[in-house]
Amino acid sequence: MNWLKKKWVTNVLMLFLLVIFIINITPLRGCCFLQKILSGSSAIEICVLSLTALVALLVYRSSCDVEEAKLLLKIREILSNSINQEIYDKSCSLYETSKQKENDSEQQSDEKIMGFPCAQIYNYMGILESCETLLANDVISEDNFRSQFGYRIECLVGNVEVAKELSEDPSNWDIFFGLLDRFPKIKRVYNQTTNQIKK
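For the structure given in this document, a descriptive report is provided here. No experiment lies behind these values; they were computed from the predicted model shown. (Residues numbered from 1 in each chain as written. Predicted model: local features only at pLDDT ≥ 70, side-chain atom pairs only at ≥ 80, totals over all residues. Heavy atoms only, no water.)

For the rest of this paragraph, the subject is the nonpolar core. In this structure, Phe-145, Ile-153, Val-157, Leu-166 and Phe-176 are the most contacted members of the largest nonpolar core, which totals 36 residues. Every element with two or more residues in this core is listed here: α3 (43-79), α4 (82-100), α5 (118-136), α6 (142-157), α7 (160-168), α8 (174-182) and α9 (184-198). Per-element accounting of this core gives the leading share, eight residues, to α5. Leave out the neighbours within four places in its chain, and Phe-176 touches Met-125, Leu-128, Glu-129, Ile-153, Leu-156, Val-157 and Leu-166. (Core = buried A, V, L, I, M, F, W, Y, C linked by side-chain atoms within 4.5 Å. Buried < 20%, exposed > 50% of the residue type's maximum accessible area, 1.4 Å probe, protein only. Helix = DSSP H or I, 4+ residues; strand = E, 2+ residues; numbered from the N terminus. Contact = heavy atoms within 4.5 Å.)

Have a look at this one:
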């Protein structure tokens, strides 16, 4: 039923149901291409059925929007816990620093990224990879995700240490790169950051 979550699909179905409804309340019923389909039922039955289906589609689409909103709020809640918020704050401050001073990044040990244990950074990025799965299955929309969480990804990949981690072993981050590919502006930030590393 994922195809029903696409707005254009429900728009086409609603338009189709409206056309059937209008045909049945006008004198055109006898000369329309749907005559064979409609001739077995009364106009009132078809009007009731098409309106019922139309209302059901509207309710279904509305419930999908509500579910998406709930998921986005849940993602925000997860990303806002103390550790994830700290990672975000640090990635932002280091991103701003790296934009101003291209080669002025602090050297970190292999066990840490941005001063955090690697496991915590990987967990943070894993949450964002889960979002890519939701986006790929049309559970949440790209526009809503980008407007609510795009800045987090931009700050993260704009950090030299994170970009270095991603570029050193990209095969481990296929899903994360899938997320970046959805948002060209964020992918450009990542590419600019990796170019700084190569200099």
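Glancing now at α7. Owing to its 3.6 residues per turn, the α-helix aligns residues three or four sequence positions apart on the same side. Val-160, Glu-161, Val-162, Ala-163 and Leu-166 are the residues of α7 that are buried. The N-capping residue of α7, defined by a side-chain oxygen 3.0 Å from the backbone nitrogen of Glu-161, is Asn-159. (Polar contact = N/O pair within 3.5 Å; in protein donor to acceptor, adjacent residues only side chain to side chain.)

Attention shifts here to the packing of aromatic side chains. As enumerated under the stated definition, the model contains five aromatic pairs in all. Plain terms: the ring middles of Trp-173 and Phe-176 are 6.3 Å apart, the flat faces sit at 75 degrees to each other, and that makes the pair edge-to-face. Classification of Trp-173 as buried rests on a relative accessible area of 8%. Pairing Phe-177 with Tyr-190 gives two aromatic rings, centres 5.5 Å apart and planes at 70 degrees, and the pair type is edge-to-face. Taken together, the positions of Phe-177 in helix α8 and Tyr-190 in helix α9 put the pair 13 residues apart, joining distant regions of the chain. Since its relative accessible area comes to 13%, Phe-177 is described here as buried. Through a chain of ring-to-ring contacts, three or more aromatic side chains come together here, namely Tyr-122, Trp-173 and Phe-176. (Phe/Tyr/Trp six-rings, centres within 6.5 Å; stacked < 30°, edge-to-face > 60°.)

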